[in-house]
Amino acid sequence: MPSPSVPASSQGPPLSPSSTSKPPELPDELVQAGWSKCWSRRENRPYYFNRFTNQSLWEVPVLGQHDVISDPLGLNAAPAEGGEGNLGNGQRKRRSSEDRLNSLLLFCSCFFYVFCHSPLPGLLVKGENKICLVSRIYWDLDIQTNAVIRERPPANHLPPHPEIELQRAQLVTKLRQHYHELCHQREGIDPPRESFNRWLLERKVIDKGHDPLLPSDCDPVISPSMFREVMNDIPIRLSRIKYKEEARKLLFKYAEAAKKMIDSRNASPESRKVVKWNAEDTMSWLRRDHSASKEDYMDRLEHLRQQCGPHVTAVAKDSVEGICSKIYQLSAEYSRRLRQTHLSLLQDPPTDACASPPQSRLVYCYPVRLALPSPPLPRVELHFENDVACLRFRGEMVKVNRGHFSKLELLYRYSCIDDPRFEKFLSRVWCLLKRYQVMFGSGANEGTGLQGALPVTVFEALNRQFGVSFECFASPLNCYFKQFSSAFPDIDGFFGSRGPFLSFCPVSGSFEANPPFCEELMDAMVTHFEELLGQSSEPLSFIVFVPEWRDPVTPALTRMEGSRFLRHQLSVPAYEHEYRSGSQHLCKRDEMYYRAVHGTAVLFLQNDAGFAKWAPTPERLAELTAAYRPSPSTPSTLSSDCSDITGVAAPVA
């Protein structure tokens with residue numbers, strides 16, 4: 001029979017790190033499963049607490065017997081109306097010392113963040129016997145999860161190491177340079193903006209390779225995303241124009257480039273005839289008609305693209321496929337080389353063990369755990385420049401503002417179980433920051449759209465009205481909750497990540513999904529949603545935020561609008577809502593938000609039990625819509641990813 005649960009009022013402070021990391025009563029298996037020994041001051045006796053399932057027991061736990069869902073202390077329960085729930089014998093629940101310490105750390109982080117970002121440092125307001133901070137914090141790490149999963153074994157990813165991360169950064173930078181050179185040499189164009197970043201995202205949807213960033217085992221080899229974006233810029237890139245003269249020049253350049261391209265390639269006689277005739281006819285019209293309007297030029301350009309586009313595509317197809325194939329082959333080679341170096345650094349290299357059988361126990365979701373122990377990590381230097389934390393390893397510096405650095409400390413304290421003394425913290429933060437820096441590039445504002453997030457007010461409304469406690473697409477840098485899915489389980493897991501969402505299989509819970517706007521990723525997301533909703537009879541809800549692109553409409557949006565699980569759809573008009581910057585961990589406070597230049601579709605996908613529990617009622621929708629209204633000071637335009645007219649670029653994720 002299971003041991004009785006510890007009364008809430010009997011909780012005391014956890015033992016010191018030296019006694020909780022490896023107490024003699026607890027074997028390593030229990031420590032890895034989240035159990036620690038604590039002390040009850042009221043009862044003057046020890047008890048055992050599981051940080052993953054929030055269970056507390058008087059007797060030593062038995063591995064595998066107590067980690068089913070249980071919440072005897074009500075740690076995950078929502079407070080009752082008008083009070084803090086039922087308190088036995090009129091006694092108030094007391095928070096454990098660990099909870100108080102975490103709250104104090106969060107308060108200090110927030111306080112420090114105000115001093116660093118507020119135009120009036122240290123601005124405080126007194127009221128109702130308490131002191132309040134006049135500032136906005138961009139996360140709430142106190143919200144507990146309602147996401148339930150089946151227990152899973154530790155992951156087989158190689159533990160992160162600064163030496164490997166530095167080499168990976170160098171190889172990815174080299175791969176970007178190769179891509180730039182191939183586009184110039186073969187097609188005479190610059191690589192489409194952000195296309196390499198979206199290539200990484202699209203490849204990772206199907207990649208079965210070992211490297212967390214570099215694709216190495218994909219089928220098909222030719223990336224649909226990269227092929228589509230390069231082809232859209234051939235023969236020239238069509239940028240947005242404002243004035244009549246710009247439209248005239250663009251039309252002339254397109255006609256000239258199409259004619260030159262068809263003459264220099266191995267095209268069929270029919271293709272040469274069609275393209276040359278249309279190009280020469282356009283140039284003749286431009287010389288003849290000087291009174292045309294901007295709209296006339298744009299209509300003529302669209303007609304020219306329709307006539308010449310198929311023939312230009314046909315002659316460029318093999319060359320563009322060669323670019324995609326070459327970049328993939330280089331990536332696979334770099335990945336193989338990097339893994340060999342990584343394995344040589346490990347004390348206990350992985351073995352080809354059999355896959356663990358599926359687990360049947362249901363538990364609240366917990367961060368990714370690695371099966372392999374982390375080797376000793378080299379020293380990373382830390383210093384502060386005003387409100388920016390600077391971490392340096394072998395001359396390579398990464399930066400994060402003080403507020404987000406304190407956030408990473410809290411996430412690490414909540415989630416990491418193999419480093420109680422924070423001896424590996426700085427090395428892992430350096431690896432984390434370097435990974436995201438490399439993934440999204442080093443250009444001005446590059447990648448910020450792919451890491452954007454919803455405003456804080458929207459997250460608050462989602463949690464309050466729909467029970468949302470989990471983000472399906474986030475990172476330790478931009479997450480609002482401490483439980484989230486992200487791209488890199490090997491490093492993000494130490495900071496709370498539950499792993500990539502496409503391999504995360506919740507049984508119940510309420511989720512927010514705001515994916516990077518990559519068509520292949522969004523399509524795979526919809527497939528995963530429908531599988532999960534069809535398999536579970538427990539309350540399951542996904543509130544999805546995607547761009548409302550209608551010309552052409554994206555397959556993911558079409559599928560969700562026709563899904564049998566769609567309960568409601570909300571449209572938020574362009575310029576009437578805002579997003580949080582993807583570079584929020586570095587940008588200034590007045591650059592934190594910007595208005596979206598596209599509409600956003602909000603779709604509620606729920607099974608029957610999820611609809612019964614979190615139905616999108618008019619009252620709830622009204623509060624969500626009100627939370628989306630931007631502040632008057634928010635910039636009205638988006639500076640990145642909106643400069644082409646083909647509908648390919650992705651503004652915000």
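Note that the structure is predicted; figures quoted are calculated from it, not measured. (Residues numbered from 1 in each chain as written. Predicted model: local features only at pLDDT ≥ 70, side-chain atom pairs only at ≥ 80, totals over all residues. Heavy atoms only, no water.)

J.: Account for the nonpolar core, naming residues and giving values.
T.: If you look at the biggest cluster of nonpolar residues, it comprises 153 residues, and the most contacted ones within it are Phe495 and Phe542. Here this core gets 15 residues from one element, more than from any other, and that element is helix α9 (residues 294–345). Grouped together as the second largest cluster of nonpolar side chains are six residues, Leu26, Trp35, Tyr48 and Leu57 included. (Core = buried A, V, L, I, M, F, W, Y, C linked by side-chain atoms within 4.5 Å. Buried < 20%, exposed > 50% of the residue type's maximum accessible area, 1.4 Å probe, protein only. Helix = DSSP H or I, 4+ residues; strand = E, 2+ residues; numbered from the N terminus.)

J.: Requested: an account of the environment of Asp490, with residues and values cited.
T.: Following the sequence through the fold, Asp490 ends up in helix α13 (residues 489–492). Between the C-alpha atoms of Asp490 and Asn156, which are 334 residues apart in sequence, the distance is 8.9 Å. Not counting residues within four places of it along the chain, the set of residues in contact with Asp490 comprises His157, Leu158, Pro160, Pro212, Leu370 and Arg435. Within the local environment of Asp490, its side chain forms a polar contact with the side chain of Arg435, the two groups lying 2.8 Å apart. (Contact = heavy atoms within 4.5 Å. Polar contact = N/O pair within 3.5 Å; in protein donor to acceptor, adjacent residues only side chain to side chain.)

J.: Outline the confidence of the model for the protein chain, supporting the account with residue identities and numerical values.
T.: Residues at a pLDDT of 70 or more form 78% of the protein chain, whose mean pLDDT is 82. Here residues 1–24 is a poorly scored stretch, pLDDT under 50, and it has 59 contacts once near neighbours within four places are set aside; other chains count. Of the regions scoring below 50 in pLDDT, residues 636–653 engages in 67 contacts with residues more than four places distant in sequence or in other chains. (pLDDT = per-residue confidence, 0-100.)

J.: Report on the environment of Arg402, specifying residues and quantitative values.
T.: For Arg402, the position within the fold is in helix α10 (residues 402–415). Residue Arg402 is classed as buried on the basis of its relative accessible area of 16%. Each C-alpha atom of the pair Arg402 and Phe384 lies 8.4 Å from the other, and the pair is 18 residues apart in sequence.

J.: Break down a negative patch on the surface for me, citing the residues and quoting the values.
T.: On the surface, Glu295, Asp296, Asp299, Glu302 and Asp551 cluster together to form a negatively charged patch. Following the sequence through the fold, Asp299 ends up in helix α9. The class for Asp299 is exposed, based on a relative accessible area of 53%. (Patch = residues over 30% accessible without salt bridge, like charges linked within 9 Å, V, L, I, M, F, W, Y side chains within 5 Å. Areas by Shrake-Rupley, 256 points an atom, 1.4 Å probe, with all protein chains shown as cover. Salt bridge = Lys/Arg side-chain N within 4 Å of Asp/Glu carboxyl O. Lys, Arg positive; Asp, Glu negative; His and termini not counted. Charge placed at Lys NZ, Arg CZ, Asp CG, Glu CD.)

J.: Help me get a handle on the pairing of strand β10 (residues 396–401), residues and values and all.
T.: Pairing geometry for strand β9 (residues 388–393) and β10, over six bridges, is antiparallel. Considered in β10, the bridge of Arg392 is made with Met397. (Pairing = 2+ DSSP bridges.)

J.: Please give an account of the sheet that holds β9 that cites residues and values.
T.: Backbone hydrogen bonds hold the strands of a sheet together, and the pairing may be parallel or antiparallel. Reading across from one edge, β8-β9-β10 is the order of the three strands in this open sheet, with antiparallel pairing throughout. Each edge of the open sheet carries a strand with a single partner, namely β8 (381–385) and β10. Sheet twist, expressed as the average angle between the axes of neighbouring strands with direction ignored, equals 25 degrees. Of the strands in this sheet, β8, β9 and β10 touch α10, which is tilted by about 95 degrees from β10. Contacts from helix α11 (residues 425–439) reach β8, β9 and β10, with the element oriented near 90 degrees to β10. (Axes fitted to C-alpha atoms, helices over the stretch in contact; angles between N-to-C directions.)

J.: Give a detailed account of unusual backbone geometry, specifying residues and quantitative values.
T.: Of the consecutive residues Asp219 and Pro220, the connecting peptide bond is found in the cis state with omega at 10 degrees. Pro235 follows Ile234 through a cis peptide bond whose omega is 5 degrees. Tracing the backbone through its elements, the reader meets Pro235 in the loop between α6 (224–232) and α7 (244–264). A positive phi angle, near 70 degrees, is found at Glu194, a position not held by glycine. When you line up the elements, Glu194 lands in the loop between α4 (162–187) and α5 (195–206). A positive phi angle is found at Asn386, which is not glycine, with a value near 55 degrees. By the element assignment, Asn386 lies in the loop between β8 and β9.

J.: Just give me the short version of the pattern of salt bridges, but keep the residues and values in it.
T.: Applying the stated criterion to the full structure yields 24 salt bridges. As a salt-bridge pair, Glu165 and Arg435 come within 2.6 Å of each other at their nearest N and O atoms. With Glu165 in helix α4 and Arg435 in helix α11, this residue pair connects regions lying 270 residues apart in the sequence. Under the relative-accessibility criterion, Arg435 is labelled buried at 1%. The salt bridge involving Asp207 is made with Lys204; its shortest N-O contact spans 2.7 Å. Asp207 sits in the buried class, given a relative accessible area of 14%. Several salt bridges converge on common partners, so that one network encompasses Glu165, Arg168, Asp211, Arg435 and Asp490.

J.: I'd like to hear about the packing of aromatic side chains, residue by residue, with values.
T.: Under the criterion given, the structure shown has 28 aromatic pairs. Centroid distance Phe393 to Trp430: 5.3 Å. Interplanar angle 65 degrees. Geometry classified as edge-to-face. Here the residue Phe393 occupies a position in strand β9, and Trp430 occupies one in helix α11, the gap between them amounting to 37 residues. Residues Phe393 and Trp430 agree in their burial class; the two are buried. Each ring, one from Phe517 and one from Trp549, has its centre 6.0 Å from the other, and the planes form 80 degrees; the classification is edge-to-face. With Phe517 in the loop between β12 (506–513) and α14 (519–535) and Trp549 in the loop between β13 (540–547) and α15 (555–561), the pair connects residues that are 32 residues apart, well separated along the chain. Grouping residues by exposure puts Phe517 and Trp549 together as buried. Each residue in the set Phe470, Phe473, Phe501, Phe504, Phe511, Phe529 and Phe542 is aromatic and connected to the rest through ring pairs, giving one cluster. Above the ring of Phe494, the side-chain terminus of Arg428 is found at 3.7 Å from the ring centroid. (Phe/Tyr/Trp six-rings, centres within 6.5 Å; stacked < 30°, edge-to-face > 60°. Lys NZ or Arg CZ within 6 Å of the ring centre and 35° of its normal.)

J.: Quick one: what's the story with the side chain of Lys424, residue by residue and with numbers?
T.: Tracing the sequence through the fold places Lys424 in the loop between α10 and α11. It turns out Lys424 is buried and unbridged, and the closest side chain with the opposite charge, Asp418, is 4.7 Å from it. Setting aside residues up to four positions removed in sequence, Lys424 forms contacts with Ser374, Pro375, Leu377, Tyr412 and Asp419.

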